[in-house]
Amino acid sequence: MPGLDLEEIAIVSYVLDDAGRRSALDPQDMVGLVVRTPEFLREGWELGLHLGSPPPPPRHLLVLGMGGSGIGGDLLRGLLYDRVGFPVTVVKDYSLPAWVGPQDVVFACSYSGNTEETLSAYEAAGRAGARRVAVTSGGQLADRARAEGVPWVRIPPGLPPRAALGYLLGPMLGALHRWGWTEGLEEEVGEAVAVLRELSARWGPEVPTADNPAKQLARALVGRLPVVYATSRLSEAAALRWKTQLNENSKVYATWNVFPELNHNETVGWALAGQPEGLLEVVVLRDPEDPPRLVRRLEITREVALGAAGLHEVWAHGHGRLSRVLSLVLFGDLVSVYLAYLNEVDPTPVAAIDELKRRLES
Ligand code: PA5
């Protein structure tokens, strides 16, 4: 482990590589759920394949969902960006855009089924006459869908929503395939499941820090403010996912941004952001398919802006878009859990979110 003295290596290895220590810090086994991402994706995909008869292709596809239930929509939007003839809009709010109407299709995603913003937007979609599909483990969303005859996908209960990513994204992919709206998804999902299985084994908790790049990156992020950059539309959602997993699992503040937009504002902010030295740690999510112009932008950005910050590149794996983006997500999910261990916090509880919801209800 470069940059660490022997005592530090011993501490890091104790926290990350000792199974007893890991289970003491992670009693609900968040890391075990992360490494099951490929299985959840496969099962979620199959649930989507059983959705009823195909509606005609929409004028517009909307995905409603907050936090851990909204990220599936962000990933879907990146995956479909330049391959379908309809726009994909992700709504993370109570209300819908004014243009939503009967020719649009809406996926309402809420793991608990009780998220007030999603329920409100779901009702608004009904009033607008849009065709709705719900994805949930139960709660009010399931009750309302059942009562109104809206098709819905029942996903397994009992998980933290952010650990259920495969169950939230998979059904939408399965439905799009079943309805014939997108080519090539079956092959992409098959490849992604295989690639993620292999990577889970390579980066999982049993692999010691000395051989595990996810544990090594977590070590580099201790005490730093992570800045996660995406290089494309595809990896944009992965960068957002990194940020939110670092927030919720590691309990740290983090930021994210995407090329080329960040070259038109944030790059200037680096003039002082590097001070004091050692505060920020940049993680760039790289894709072998990054266009040459974006690669050049990254090189120049390093030279003109990022100078003093620590910089790490994480590369996508696999061929298809789904493997590439989900391999970046998997690596980040594992880094966030390993960083939780190093911060000596339990990755699962999200006390501030629970408290906020409780107070809004009362
Ligand atoms: O990770 C979390 O717990 C949150 O981001 C939730 O996903 C978010 O609050 C929305 O809740 P739900 O996923 O149940 O709709």
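The preceding data block contains the structure.
The notes below deal with the structure included here. Here the structure is a predicted model, which means the values were calculated and not measured. (Residues numbered from 1 in each chain as written. Predicted model: local features only at pLDDT ≥ 70, side-chain atom pairs only at ≥ 80, totals over all residues. Heavy atoms only, no water.)

1. Some remarks on the overall build of the chain
Part 1: A count of helical and extended segments in the chain gives 15 helices and nine strands.
Part 2: Relative to the globule expectation of 21 Å for 362 residues, the C-alpha radius of gyration of the chain, 21 Å, shows essentially globular dimensions.
Part 3: Projected onto the principal axes, the alpha-carbon positions of the chain cover approximately 65 × 45 × 45 Å.
Part 4: A burial count over the chain gives 53% of its 362 residues as buried.
Part 5: Within the chain, counting contacts between residues at least 6 apart in sequence, those at least 24 apart form 80% of the total.
Part 6: Looking at the chain as shown, the accessible area adds up to about 15,500 Å², and 54% of this sits on carbon and sulfur atoms. (Helix = DSSP H or I, 4+ residues; strand = E, 2+ residues; numbered from the N terminus. Rg over C-alpha atoms; globule rule 2.2 N^0.38 Å. Buried < 20%, exposed > 50% of the residue type's maximum accessible area, 1.4 Å probe, protein only. Contact = heavy atoms within 4.5 Å. Areas by Shrake-Rupley, 256 points an atom, 1.4 Å probe, with all protein chains shown as cover.)

2. Structural notes on the packing of helix 4 (residues 37-49) against helix 9 (residues 185-203)
Part 1: Contact geometry of helix 4 with helix 9 gives a least axis separation of 8 Å together with a crossing angle of 160 degrees. Between helix 4 and helix 9, the crossing angle belongs to the class labelled roughly antiparallel. Handedness of the crossing formed by helix 4 with helix 9: left-handed. Across from T37, P38, E39, L41, R42 and W45 in helix 4, the residues of helix 9 making contact are L185, E186, V189, A192, V193, L196, R197 and S200.
Part 2: Here the residues of the contact of helix 4 with helix 9 are counted per class, giving eight nonpolar, two polar and four charged. (Axes fitted to C-alpha atoms, helices over the stretch in contact; angles between N-to-C directions. Parallel < 35°, antiparallel > 145°, perpendicular 65-115°, else oblique. Left-handed = near helix turned anticlockwise from the far one by under 90°. Nonpolar A, V, L, I, M, F, W, Y, C, P; charged D, E, K, R; others polar.)

3. Remarks on the sheet that holds strand 5 (residues 152-154)
Part 1: Read across the sheet, five strands follow the order 2-1-3-4-5 without closing on themselves; strand pairing throughout is parallel. The open sheet has two edge strands, strand 2 (88-91) and strand 5, and neither has a second partner. Sheet twist, expressed as the mean angle between neighbouring strand axes with direction ignored, is 15 degrees.
Part 2: Direction of pairing for strand 3 (residues 105-110) relative to strand 4 (residues 131-136): parallel, over a ladder of six bridges. Looking across to strand 4, one finds that F107 is bridged to V133.
Part 3: Set on the sheet, helix 5 (residues 71-80) makes contact with strand 1 (61-64) and strand 2; between it and strand 2 the angle comes to about 165 degrees. (Pairing = 2+ DSSP bridges.)

4. Digging into the site of the ligand
Part 1: Taken together, M66, G67, G68, S69, S110, Y111, S112, T115, P161, R162, E248 and K357 are the residues near the ligand.
Part 2: Within the backbone of G68, a nitrogen or oxygen atom sits 3.0 Å from an oxygen atom of the ligand.
Part 3: Separating an oxygen atom of the ligand from a side-chain N or O atom of K357 is a distance of 2.8 Å.
Part 4: Here the ligand has 370 Å² of accessible area as a free molecule, and 92% of this is covered by the chains.
Part 5: Counted by class, the shell around the ligand contains three nonpolar, six polar and three charged residues. (Near = heavy atom within 4 Å. Polar contact = N/O pair within 3.5 Å; in protein donor to acceptor, adjacent residues only side chain to side chain.)

5. Thoughts on the pattern of salt bridges
Part 1: Using the criterion set out here, one finds 26 salt bridges in the structure.
Part 2: Here the salt bridges do not stand alone but share partners, grouping E39, R42, E46 and R197 into one network. (Salt bridge = Lys/Arg side-chain N within 4 Å of Asp/Glu carboxyl O.)

6. Regarding the pairing of strand 3
Part 1: Of all the six residues making up strand 3, six are buried; the element is thus mostly covered by neighbouring parts of the structure.
Part 2: Side chains V105, F107 and C109 project from strand 3 onto one buried face, and the interleaved V106, A108 and S110 project onto a second face that is buried too.
Part 3: Direction of pairing for strand 1 relative to strand 3: parallel, over a ladder of four bridges. Within strand 3, the residue paired with V63 across the bridge is F107.
Part 4: After leaving strand 3, the chain enters helix 6 (residues 116-127) and then returns to the sheet as strand 4, a path that is right-handed. (Right-handed = clockwise from strand over helix to strand, strands pointing away.)

7. What about the pairing of strand 2?
Part 1: A two-sided burial pattern is seen for strand 2, the buried positions comprising V88 and V90 on one face and T89 and V91 on the other.
Part 2: Note that strand 1 and strand 2 share four bridges and pair parallel. Counterpart to L62 in the pairing with strand 2 is T89.
Part 3: Note that the unit made of strand 1, helix 5 and strand 2 has a crossover that is right-handed.

8. Overview of the packing of helix 6 against helix 7 (residues 139-148)
A packed helix pair is summarised by two numbers, namely the angle formed by the two axes and the spacing between the axes.
Part 1: Running from amino to carboxyl end, helix 6 crosses helix 7 at an angle of 20 degrees, the nearest separation of the two axes being 10 Å. Accordingly, the angle class assigned to the pair helix 6 and helix 7 is roughly parallel. Where helix 6 crosses over helix 7, the two elements pack in a sense that is right-handed. Seen from helix 6, the contacting residues are L119, Y122 and E123; seen from helix 7, they are Q140, L141, R144, A145 and E148.
Part 2: Here the contact of helix 6 with helix 7 is built from residues that sort into four nonpolar, one polar and three charged.

9. Some words on the nonpolar core
Part 1: Counting residues in hydrophobic clusters, the biggest one holds 85 residues, and the most contacted among them are F107, L173 and L326.
Part 2: The greatest single-element share of this core, amounting to 14 residues, is contributed by helix 14 (residues 321-342).
Part 3: Each residue touching L173, except ones within four places of it in the same chain, is listed here: L41, W45, L76, L79, L185, V189 and L322.
Part 4: With 19 residues, the next largest nonpolar core counts L62, A108, A124 and V150 among its residues. (Core = buried A, V, L, I, M, F, W, Y, C linked by side-chain atoms within 4.5 Å.)

10. Some points on helix 10 (residues 213-221)
Part 1: Restricting attention to buried positions, one finds in helix 10 the residues A214, K215, L217, A218 and L221. What you see down the axis of helix 10 is that its buried residues fit within an arc of 160 degrees, all on one side.
Part 2: The backbone nitrogen of A214 has a side-chain oxygen 3.0 Å away, supplied by the residue at the start of helix 10, namely N212. (Arc of directions from axis to C-beta.)

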